[in-house]
Amino acid sequence: HGHIMVSSFDGNSQQWRVPVALGQACVLDYAPVAAGSGNGGALVAWRSNAANQLGGFGDTPATVRVARYNSATASWGNVETLQTTAGLHTMTAAYGPTEAALLYAIDQDNNPATPNDSELYAQRLVNGAWQPVVRLTNNSVADSDPKLAYRSDGTPVIVWLQQDSTGRTFLA
């Protein structure tokens, strides 16, 4: 079973702190993503699967979990469960000046042989609370590999790949 390990750098001692294991025992934790804030905070999100199925496909859905780093206490907070979904094949994270977000690419029918039903979703962390998942795309082409960044004014910018019915891939 995989464990998500995290460590933070101590600027005073110029050393890495002792690593901490996140996740659950006897559950496959995999595909971590991380994002840091400008004020010393950070988050780590990952997928868990109780049936040890990688990649978001199979008969047991993946669960998205997240932990946040508190720079004031130099410690990681409790692990939060955000959602459980089948077909989750890509996840990314970013931190802005006032919020953070996760982007998901989810295969709608949980069947990788039908790629044109992959859609994008977002979930924001606002004022310390995770908001409901919001669907961003709804079309008959493959939307995948989302990336997220924040401008200095806090406005999010998203870029992803979109493949049309002929197999051509475009940057959306």
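Residues numbered from 1 in each chain as written. Predicted model: local features only at pLDDT ≥ 70, side-chain atom pairs only at ≥ 80, totals over all residues. Heavy atoms only, no water.

1. Thoughts on the overall build of the chain
- Per the secondary structure count, the chain includes zero helices and 17 strands.
- Dimensions of the chain, computed from the C-alpha atoms along their principal axes, are close to 55 × 40 × 25 Å.
- Of all 172 residues assigned to the chain, the portion counted as buried reaches 40%.
- Of the contacts made within the chain by residues no fewer than 6 positions apart, 39% connect residues no fewer than 24 positions apart. (Helix = DSSP H or I, 4+ residues; strand = E, 2+ residues; numbered from the N terminus. Buried < 20%, exposed > 50% of the residue type's maximum accessible area, 1.4 Å probe, protein only. Contact = heavy atoms within 4.5 Å.)

2. Structural notes on the side chain of D107
- Its place among the elements puts D107 in strand β11 (residues 99–107).
- The side chain of D107 sits in the buried core without any salt bridge; R135 is the nearest counter-charge, 10 Å away.
- A polar side-chain atom of D107 sits 3.1 Å from the main-chain amide nitrogen of N110. (Lys, Arg positive; Asp, Glu negative; His and termini not counted. Salt bridge = Lys/Arg side-chain N within 4 Å of Asp/Glu carboxyl O. Polar contact = N/O pair within 3.5 Å; in protein donor to acceptor, adjacent residues only side chain to side chain.)

3. Some words on the environment of L28
- For L28, the location among the structural elements is in strand β5 (residues 28–36).
- Taking the C-alpha atoms as reference points, L28 and S48, 20 residues apart in sequence, are found 5.5 Å from one another.

4. Re the pattern of salt bridges
- In the structure shown here, the tally under the stated rule is five salt bridges.
- Notably, a salt bridge pairs R17 with D10, separated by 3.6 Å at the nearest N-O pair.
- Salt-bridge contacts for E80 lead to R68; the nearest nitrogen and oxygen are separated by 3.2 Å. Taken together, the residues span a long stretch of sequence, with E80 in strand β9 (residues 80–85) and R68 in strand β7 (residues 62–70) at a distance of 12 residues.

5. Overview of unusual backbone geometry
- Positive phi, normally seen in glycine, also occurs at A74, with a value near 50°.
- Turning to its location among the elements, A74 is positioned in the loop between β7 and β8 (75–76).
- By relative accessible area, which is 32% here, A74 ends up partly exposed.
- Look at D145: it is not a glycine, yet its phi comes out positive at around 50°.
- Assignment of secondary structure puts D145 in strand β15 (residues 142–150).

6. Regarding the pairing of strand β12 (residues 118–126)
- The buried fraction of β12 is high, at seven of nine residues.
- Across nine bridges, the pairing between β11 and β12 is antiparallel. Opposite E99, over in β12, you have V126 as the bridge partner.
- Pairing of β12 with strand β14 (residues 134–135), which is carried by two bridges, proceeds in the antiparallel orientation. Looking at the pairing, Y121 lines up with R135 of β14.
- Pairing geometry for β12 and strand β13 (residues 129–130), over two bridges, is antiparallel. Residue pairing in the sheet places V126 in a bridge with A129 of β13.
- Hairpin geometry of β12 and β13 is characterised by an intervening segment of two residues between the two adjacent antiparallel strands and by a positive phi of about 50° at N127. (Pairing = 2+ DSSP bridges.)

7. So, the nonpolar core
- Among the nonpolar cores identified, the biggest contains 17 residues, and L43, A45, V64, L82, L102, Y104 and W130 are the most heavily contacted of them.
- Counting only elements with at least two residues in this core, the list comes to β5, β6 (42–49), β7, β10 (88–95), β11 and β12.
- Broken down by element, this core gets its largest block of residues, four residues, from β11.
- If we ignore the near neighbours within four places in the chain, the residues touching A45 are A31, P32, V33, R65, V66, M91 and L102.
- L22, A42, V44 and A67 belong to the second-largest nonpolar core, a separate cluster that totals nine residues. (Core = buried A, V, L, I, M, F, W, Y, C linked by side-chain atoms within 4.5 Å.)

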